[in-house]
Amino acid sequence: MMLDSVSLRKRQAIEELSARYDEPIWLLQHRLKSWRLYEDILPPSGKEEEWRRTDLSALSLEGVRLFPGPVTHVPAPRRNGRDGYAGAIVQRDGVTLSRRLASDLERQGIVFSDLHSVAREYPDLFRTYFMTEAVQPIAWKFVALHAALWRGGVFLHVPAGAQTTVPLHAGVGLSRSGGIAVFPHTLIVAEEGSSVTLVEEHASPDDDRPGLSSGVVEILVRDGATVRYIGVQDWGKNVNSFATIRAVLGAESQLELGLVGSGSRVAKDTVEAILGAPGANAKIVGLFLAGGEQHMSYATLQDHRAANTTSDLLFKSVLNDSAHLVWNGLTRIRKGAAESDANQSNRNLLLGENARVAPIPVLEIEAHDVTRCSHGATVSSVDEEQVYYMMSRGLTRQDATQAIVDGFLRQGLECLTPVRGHDGIGRALERRLLAKVA
Amino acid sequence: MTDRKVTEMMPDAYKWGFHDEARYLFRTERGLSRKVVEEIAGIKEEPQWMRDMRLRALEVFESKAMPSWGPDLSAINLNDMYYYARASERPERDWSEVPDYIRQTFERLGIPEAERKFLAGVGAQYDSETVYHNMREELAKQGVIFADTDTAVREHPDLVQRYFGTVVPPADNKFAALNSAVWSGGSFIYVPEGVQVEIPLQAYFRINAENIGQFERTLIIAEPGSFVHYIEGCTAPIYTTNSLHAAVVEVIVKKGARVRYSTVQNWSTNVYNLVTKRSVAYEDAVVEWVDGNLGSKVTMKYPAIYLMEPGAHGEVLSLSFAGRGQHQDAGAKAVHAAPYTTSVITSKSVSKDGGRASYRGLVRAYRGAKGVRSSVRCDALLLDGDSRSDTYPTMEIDERDVTVSHEASVSKVSEEQLFYLQSRGIDEQEATKMIVNGFVEPIVKELPMEYAVELNRLIELQLEGAIG
């Protein structure tokens, strides 16, 4: 009886949420089904390799409201069309504050919008792609929760052959991060031969109360298409954030995935590139800066399922104070993935006296006809000799350290400059990152 | 020798023909129980502390689950095994019962007749007693103790009690617990302060039927400033009908001492080889593990070095060869528990005919272990499309002031290399051999010459089987 009344209350809350966005019945059913999945899927026990090093209390929903009431509208931040983006969406607390898309992109049939609008205006597109192919609600407990409770969301659909040269931007924020749960969802579909770049930033103010983010990024790169996606995670310091980022690549397609992580108390992400067709190519670059008591954990997968596929992953971290970073990086070359080329590199710079890192690069090779499969990981601190050299040239210790960190990050930052000629984005990012380290 | 014959030497060509008739006179009952463990301690007339340790270990063994993170061990039937049979009462096998592939490998390697019979479990004694006695006298003058572990328990009880189980406690893992409960045989080596043992100590020299046991237990203590090189096993195949080999090796290397431990494992391909090898290195001490894995059905072995005091240095050279039906899950662990300690791990693996070679390793640096340097290098060579290679390295770095690196690569024998060699008039088989030999050379060259020669022959033999 007790249980029934609880699930009845949840059911009503989900119905309310769905009604608020005028959702069709099939979408409400999707949410309710996902909620049941959420209740059925067991939480991690902490014994799993992937979870062994992460404090499971980050999964606690205590003090976090899953069903916030309607949000009062906040004025959209002033943004003119000269920020270097061909389109932009601004969302706060799951509400879309503004959105724009350059007219030439609109003419090409590109859809760039929040998910609620897409569910209403392009139901077929939505039903075809939303959590059907790249990430399914069953992935793990918090993805099921996400599928039941998502709000806002960013949808980018690029029709076959449509080419964009100027990046798009999505800014997803919270007016406060304490006490609430958010479920950001990004769905990118690049149809055959198309190309697109999306820069997405997640940010919220620091807050004393715990917050929760359970996000999903789905990227479908069809045959011959190119997708560049840069995701910046800068949640407030008491947010526990979980993200499942999964890209499925078609034949001769290209994925460039850039991830920057600097926020959250606990940040635990799964990043997977499925190289499912011949000639697919994925490049993944991650830059992580953590300090204080931050814990960041990344599980990456480069899954070579077809011949002539290539992947290259570079993860770099700078860890201050007592920060802790875990990287479980798996490269899998399956039978039949002949002449594949896979590489993983992980470089860690430990600045903090109590900083810790656990790089775990794993290779599983079932095909012998690999062109190359390699990985490398390093852990080091700032080289005192270099610091001494620079100090002898008149730099302060802090400036010298800064210069070393700067040099360390530059290689990764260069990869994140989304489009040639658009280095303004890279520089802004760089300034922010470097400010964080200083 | 024609190719056809070589192919016959491959394990799968042979049908095991042994019947395990009840000819044992003193043998514990099938399966493991308190009674069996007490019987073993009783037969050996062991002191109370050893008996107690065995019984405690049995409890640990029973309480622990089978490891599920590595190779498939589900075919091991722990209840259907004999845990102890006294050596002198082991059955005399007939030479004709020894599988062809093993006999032919002996021939190819040029193993002396008497030794062949011992390795095949046919002769009870290998006649090395004279050599052994001479050497023992020489060593005894320097105060070196080199005995089988059972003898050491009787003759040097204080030394054994002081160190036994301190590096690998019974509770360490399920198979270490099993070994602690039922161990028998193995080597005990004690090298006094400052003594340099010039010649490698080999199990060969004190060979007796206890030596190649199922649950051997080896303990090496190197006092400050001493040096010893111990060689375990041999390149020649060791034939046994026991399907489980669970050994424990403990090595204690004190200040400024150096110990090198070389193993070439070539168990017959019915054996599950699950071994815990661990060393502790104190100030400025050096430990080197040279570990070759060629035989067995499944091997799980990760020689470990605990670097306990500043200046300690550890090295592991690991070579594995996984052929048909084999899974070599080998690797290394370096645990840096003190500042200014260093480690180097080099692993080379070759997979062929559907074999699977995995590197599994750990590098850990505890907080405060400043100035640690560690580098790991793993290379894998895949010889055909049915084979598999995995790399599972873990690094846990809790200290900022370290330099740790890990590198791995997986490759195949490339068409270009083959083409180049073939254009020089070398046939494909010969060319493949040359490439593989070049690949494993950095490890092979660290072995004593006679081992290196045998190892090379053995690899050639395996490759011929693959191609012919």
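Model, not experiment: these values are computed from the prediction.

Parameters and conventions
Residues numbered from 1 in each chain as written. Chains lettered and ligands numbered in written order. Predicted model: local features only at pLDDT ≥ 70, side-chain atom pairs only at ≥ 80, totals over all residues. Helix = DSSP H or I, 4+ residues; strand = E, 2+ residues; numbered from the N terminus. Buried ≥ 20, exposed ≤ 12 C-beta atoms within 10 Å, placed from the backbone. Contact = placed C-beta atoms within 7 Å. Axes fitted to C-alpha atoms, helices over the stretch in contact; angles between N-to-C directions. Parallel < 35°, antiparallel > 145°, perpendicular 65-115°, else oblique. Left-handed = near helix turned anticlockwise from the far one by under 90°. Nonpolar A, V, L, I, M, F, W, Y, C, P; charged D, E, K, R; others polar. Pairing = 2+ DSSP bridges. Core = buried A, V, L, I, M, F, W, Y, C linked by C-beta atoms within 7 Å. Domains from an automatic or database assignment. Expected span 1.5 Å × (residues − 1). Bend = angle between axes of the 7 residues up to and from the residue. pLDDT = per-residue confidence, 0-100.

Draft legend 1. Here's a closer look at the overall build of chain A. Helix and strand counts for chain A stand at 9 helices and 20 strands. Considering chain A as a whole, with its 438 residues, one finds that 51% of them fall into the buried category. The contacts in chain A between residues at least 6 apart in sequence include a share of 81% that link residues at least 24 apart.

Draft legend 2. Inspection of the overall build of chain B at higher detail. Along the backbone of chain B there are 12 helices and 19 strands. Considering only residue pairs separated by 6 or more positions, chain B has 84% of its internal contacts joining residues 24 or more positions apart.

Draft legend 3. Molecular detail of the packing of helix α3 (residues 48–63) of chain B against helix α9 (residues 174–182) of chain B. All names here are of chain B. Orientation of α3 relative to α9, taken along the N-to-C sense of each, is 150°, at an axis distance of 7 Å. Taken together, α3 and α9 sit at an angle that is classed as roughly antiparallel. In the crossing of α3 with α9, the sense of the turn from one axis to the other is left-handed. Between α3 and α9, the residues in contact are M53, R54, A57, L58, V60 and F61 and K174, A177, L178, S180 and A181, respectively. Its residues assigned to classes, the contact of α3 with α9 comprises 8 nonpolar, 1 polar and 2 charged.

Draft legend 4. Spatial organisation of the pairing of strand β10 (residues 226–234) of chain A. All names here are of chain A. Among the 9 residues of β10, 8 are classified as buried, and the element is accordingly described as predominantly covered. Bridge count for strand β8 (residues 195–203) against β10 is 9 bridges, and the pairing is parallel. Each residue of the ladder has a partner; that of V196, found in β10, is V227. Where β10 lies against strand β12 (residues 254–261), 8 bridges are found, and the strand directions are parallel. When the bridges of β12 are listed, T226 appears paired with Q254.

Draft legend 5. Highlighting the nonpolar core. In terms of nonpolar packing, the biggest core is built from 237 residues, with A:I188, A:I219, A:A247, A:L249, B:V253 and B:A281 touching the most fellow members. Here this core gathers at least three residues from each of two domains, domain 1 (2–275) and domain 2 (383–438) of chain A. Those residues in contact with B:A281, other than ones at most four positions away along the chain, are B:V253, B:V286, B:V287, B:I305, B:Y306, B:L307, B:M308, B:A312 and B:G314.

Draft legend 6. Geometry of the interface of chain A and chain B. Across the boundary between the two partners, chain A contributes 31 residues, which contact 30 residues of chain B. Listing elements by their share of the side of chain A that touches chain B, those giving two or more residues are β19 (356–365) and β20 (372–381) of chain A. Grouping the amino acids of the side of chain A that touches chain B by side-chain chemistry returns 16 nonpolar, 9 polar and 6 charged. Summarising the sheet, β19(A) and strand β18 (residues 388–397) of chain B pair through 4 bridges and their orientation is antiparallel. When the bridges of β18(B) are listed, A:I365 appears paired with B:S389.

Draft legend 7. Focus on unusual backbone geometry. Here the phi dihedral of A:M131 falls at roughly 55°; this positive angle occurs in a residue that is not glycine. Looking at the secondary structure, you find A:M131 in the loop between α5 (123–129) and α6 (141–149). Of note in this structure, B:D353 is not a glycine but carries a positive phi near 50°. Position of B:D353 relative to the elements: it lies in the loop between β15 (342–351) and β16 (356–365). For B:D353, a count of 18 C-beta atoms within 10 Å puts it in the partly exposed group.

Draft legend 8. Looking closely at the pairing of β20(A). Looking at chain direction, strand β18 (residues 341–350) of chain A and β20(A) are connected through 10 bridges and run parallel. Paired with A:N343 across the bridge in β20(A) is A:S374. Across 8 bridges, β20(A) lies against strand β19 (residues 402–412) of chain B in antiparallel orientation. Residue pairing in the sheet places A:T378 in a bridge with B:S405 of β19(B).

Draft legend 9. Quick peek at the environment of B:R360. Residue and element names in this part refer to chain B. You can see R360 is positioned in strand β16. Owing to 22 C-beta atoms within 10 Å, R360 belongs among the buried residues under this scheme. Sequence separation between R360 and T391 is 31 residues, and the spatial gap between their C-alpha atoms is 6.2 Å. Filtering out sequence-adjacent residues up to four positions away, R360 remains in contact with G70, Y302, D329, G331 and Y392.

Draft legend 10. Structural view of the environment of B:R103. All names here are of chain B. Looking at the secondary structure, you find R103 in helix α4 (residues 100–109). Here R103 falls in the partly exposed class, since 17 other C-beta atoms lie within 10 Å of it. Sequence-wise, R103 and L461 are 358 residues apart; in three dimensions their C-alpha atoms are separated by 13 Å.

Draft legend 11. How the structure looks around helix α11 (residues 428–444) of chain B. Residues and elements named next belong to chain B. Look at α11: 23 Å from first C-alpha to last across 17 residues, which is about the 24 Å you get at 1.5 Å a residue. In the structure, α11 departs most strongly from a straight axis at G438, where the bend amounts to approximately 35° and where the proline P442 lies between one and four residues downstream. Among all positions of α11, only T432, K433, V436, F439, V440, I443 and V444 are buried.

Draft legend 12. View of α9(B). Residue and element names in this part refer to chain B. With 9 of its 9 residues buried, α9 lies for the most part within the structure. The complete set of buried residues in α9 reads K174, F175, A176, A177, L178, N179, S180, A181 and V182. Tucked into the core, α9 has its buried residues touching α2 (34–43), α3, β4 (217–222), β7 (248–253) and β9 (272–281).

Draft legend 13. Focus on the packing of α2(B) against α3(B). Residue and element names in this part refer to chain B. Axis separation between α2 and α3 bottoms out at 10 Å; the angle between their running directions is 155°. Taken together, the axes of α2 and α3 lie roughly antiparallel to each other. In the packing of α2 onto α3, the handedness of the crossing is right-handed. Side by side, α2 and α3 meet where R34, V37 and A41 of the first sit next to M50, R51, R54, L55 and L58 of the second.

Draft legend 14. Region of interest: the confidence of the model for chain B. All names here are of chain B. Across chain B, the average pLDDT comes to 82, with 79% of residues at or above 70. Segment residues 1–25: pLDDT under 50, and 42 contacts once partners within four positions in sequence are set aside and those in other chains are kept. Every residue in residues 122–131 is under pLDDT 50, and counting partners more than four places away or in other chains gives 20 contacts. Across the interfaces of the predicted complex, the ipTM metric reaches 0.80, alongside a pTM of 0.84.

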